[in-house]
Amino acid sequence: MRLIETERLTKVYQREGRWFPSANDAVPAVDRVSLHVEKGETLGLVGESGSGKSTFARLLLGLETATEGRLLFGGEDVTRWGFKRLRTIRSRMQMVFQNSYSSFDPLFTVERIVGEPLSNYGGMAARKRRRVILESLDMVGLGAAYAERYPHELSGGQLQRVNIARALVFQPELLICDEPFSSLDFKLRRQILTLLEELKIRLGLSYLYITHDLSSVSRFCDRVAVMYKGQIVETLPAARIAEEALHPYTRALLDAVPVQDPRLRRSKTGRPVGEPALPHGESVIQGCRFCSRCPAAMPVCTTVEPALERKRPFHHAACHLYANEAEGKASQTFQIVKE
Ligand SMILES: Nc1ncnc2c1ncn2[C@@H]1O[C@H](COP(=O)(O)OP(=O)(O)O)[C@@H](O)[C@H]1O
Ligand SMILES: [Mg+2]
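Computed from a predicted structure; not experimentally measured.

A. Examining the pattern of salt bridges more closely. Tallying each qualifying case throughout the model produces 23 salt bridges. Among the salt bridges present, the one from arginine 2 reaches glutamate 38, with a minimum N-O distance of 3.9 Å. You can see arginine 2 sitting in strand β1 (residues 2-14) and its partner glutamate 38 sitting in strand β3 (residues 36-38), a full 36 residues away along the chain. Classification of glutamate 38 by relative accessible area gives partly exposed; the value is 26%.

Shown next, in the form of structure tokens:
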């Protein structure tokens, strides 16, 4: 069952500070994205900074209104629901924000921080409220004693656990984790991922796990979607990403993974492919957006935008290098030649 689904979801921002806005000032931060998260699934969303991942998350949560496309939650079209009406489903999906000490009010106890989302909804008796908070803390491995503590008394890993506890108070079905551990070291990151895996089994959660760090994806996610300049360029089972990724952009991301996780690296160059990405809206968009950076670009790539097509079972990519599955059986599939 699909918990959440988008159909060609689009968010266009108008660039600010222009006196006479023109069509060129329209920045498609999320561009015709069709994605879904199955119940019980962990979907990884990866891509460089600026590719539109956070905007996509905000669209799902109803914190931004879509310019075009549809958003379905539990099969119901909620695209045009207002902010208030979305409240009813927002408790069923929660966001785990990036961990940083500064995001907590230093004067609030852990109890107050974790209970804060409940206050916005009101109507819960003090005793029940405290019980819910302590249960949430317990689920993330923090005993009742932590309820009285202040942020400065906690370590980075503990603060991240508080963050997760805060997202759990509503017993959500979907947790959206947006770059949740960028500030944690490798070991702590593993601990938190293990915690999230336990919670998934215990509470039947689904995750949208957003990151620019590919090393955690193959271990933690079931499926991965790769985003480039607002578009999904590839989706495939996460465990197969290192061996089977087709899109040259995904390959470039894999090559840039730090040596820390050698399983994910095939080439040792570790440098990104081609020129740095142009900022959004800098180039006139025709053909493939990755074209100017692609080591395997062909003439067709400059004129025809590749559609996200099924290339193999459970594997979609938007790239002219590969014939789609049906055609692929007849013709030979191109291979990227690596130096
Ligand atoms: N509120 C906004 N107004 C205008 N442009 C925005 C806004 N938020 C994001 N953008 C632009 O949208 C693009 C995608 O940003 P974002 O979703 O934050 O990417 P990511 O999370 O992948 O780093 C960027 O080019 C960013 O500058
Ligand atoms: Mg972001």
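B. A look at the side chain of threonine 235. Structurally, the position occupied by threonine 235 is in strand β11 (residues 231-237). Not counting the four nearest positions on each side in its chain, threonine 235 is found in contact with Leu35, Arg223, Val224, Ala225, Phe314, His315 and His316.

C. Quick look at the site of ligand 1. As a structural note, the neighbourhood of ligand 1 is formed by twelve residues, with Gly50, Gly52, Lys53, Ser54 and Thr55 the closest of them. A distance of 3.1 Å is found between an oxygen atom of ligand 1 and a backbone nitrogen or oxygen belonging to serine 51. Within the side chain of lysine 53, an N or O atom sits 2.8 Å from an oxygen atom of ligand 1. Surface burial for ligand 1 is 65%, taken as the share of its 560 Å² of free accessible area covered by protein chains. Top element by residues in the shell around ligand 1 is helix α1 (residues 53-60). It accounts for four residues. The residue inventory of the shell around ligand 1, partitioned by class, reads two nonpolar, seven polar and three charged.

D. Representation of the sheet that holds strand β9 (residues 206-211) in the model. As summarised here, the arrangement of the eight strands in space is β7-β8-β9-β4-β10-β11-β13-β12, forming an open sheet in which the pairing is mixed. A single partner strand is all that each edge strand has here, and the edge strands are β7 (93-96) and β12 (309-312). For this sheet, the mean angle separating the axes of adjacent strands, direction not counted, is 25°. Bridge count for β12 against strand β13 (residues 315-317) is three bridges, and the pairing is antiparallel. Along β13, the bridge assignment pairs arginine 310 with histidine 316.

E. Broad picture of the side chain of histidine 36. For histidine 36, the position within the fold is in strand β3. On the basis of relative accessible area, histidine 36 is assigned to the buried category, the value being 17%. Leaving out residues up to four positions away in the same chain, histidine 36 has contacts with Arg2, Ile4, Glu5, Glu41, Leu43 and Arg223.

F. The arrangement of the pairing of strand β10 (residues 223-228) in detail. With six of six residues buried, β10 lies mostly within the body of the structure. Both faces of β10 are covered, namely the face carrying Arg223, Ala225 and Met227 and the face carrying Val224, Val226 and Tyr228. With four bridges joining them, strand β4 (residues 42-46) and β10 adopt parallel strand pairing. By the bridge assignment, glycine 44 is partnered in β10 with valine 224. Pairing of β10 with β11 involves six bridges; the strand directions are antiparallel. For valine 224, the partnering residue across the bridge sits in β11 and is leucine 236. Hairpin connection between β10 and β11: a loop of two residues separates the two successive antiparallel strands, and lysine 229 in this loop has a positive phi of roughly 45°.

G. Structural detail: the environment of aspartate 185. For aspartate 185, the location among the structural elements is in the loop between β8 (174-178) and α6 (186-203). On the basis of relative accessibility, which here comes to 45%, the residue aspartate 185 falls in the partly exposed class. Sequence separation between aspartate 185 and glycine 157 is 28 residues; the distance between their C-alpha atoms is 9.2 Å. In this structure the side chain of aspartate 185 is engaged in a polar contact, spanning 3.2 Å, whose partner is the backbone nitrogen of lysine 187.

H. Here's a closer look at helix α2 (residues 83-90). For α2, the full list of buried residues reads Leu86, Ile89 and Arg90. Taken end-on, α2 shows its buried residues confined to a sector of 95°, consistent with a single buried face. Across from the buried face of α2, at angles greater than 90 degrees, the exposed residues are Lys84 and Thr88. Tucked inside the fold, the buried residues of α2 contact β5 (68-73), β7 and α3 (110-121).

Cut-offs and rules
- Residues numbered from 1 in each chain as written.
- Chains lettered and ligands numbered in written order.
- Predicted model: local features only at pLDDT ≥ 70, side-chain atom pairs only at ≥ 80, totals over all residues.
- Heavy atoms only, no water.
- Salt bridge = Lys/Arg side-chain N within 4 Å of Asp/Glu carboxyl O.
- Helix = DSSP H or I, 4+ residues; strand = E, 2+ residues; numbered from the N terminus.
- Buried < 20%, exposed > 50% of the residue type's maximum accessible area, 1.4 Å probe, protein only.
- Contact = heavy atoms within 4.5 Å.
- Near = heavy atom within 4 Å.
- Polar contact = N/O pair within 3.5 Å; in protein donor to acceptor, adjacent residues only side chain to side chain.
- Areas by Shrake-Rupley, 256 points an atom, 1.4 Å probe, with all protein chains shown as cover.
- Nonpolar A, V, L, I, M, F, W, Y, C, P; charged D, E, K, R; others polar.
- Pairing = 2+ DSSP bridges.
- Axes fitted to C-alpha atoms, helices over the stretch in contact; angles between N-to-C directions.
- Arc of directions from axis to C-beta.

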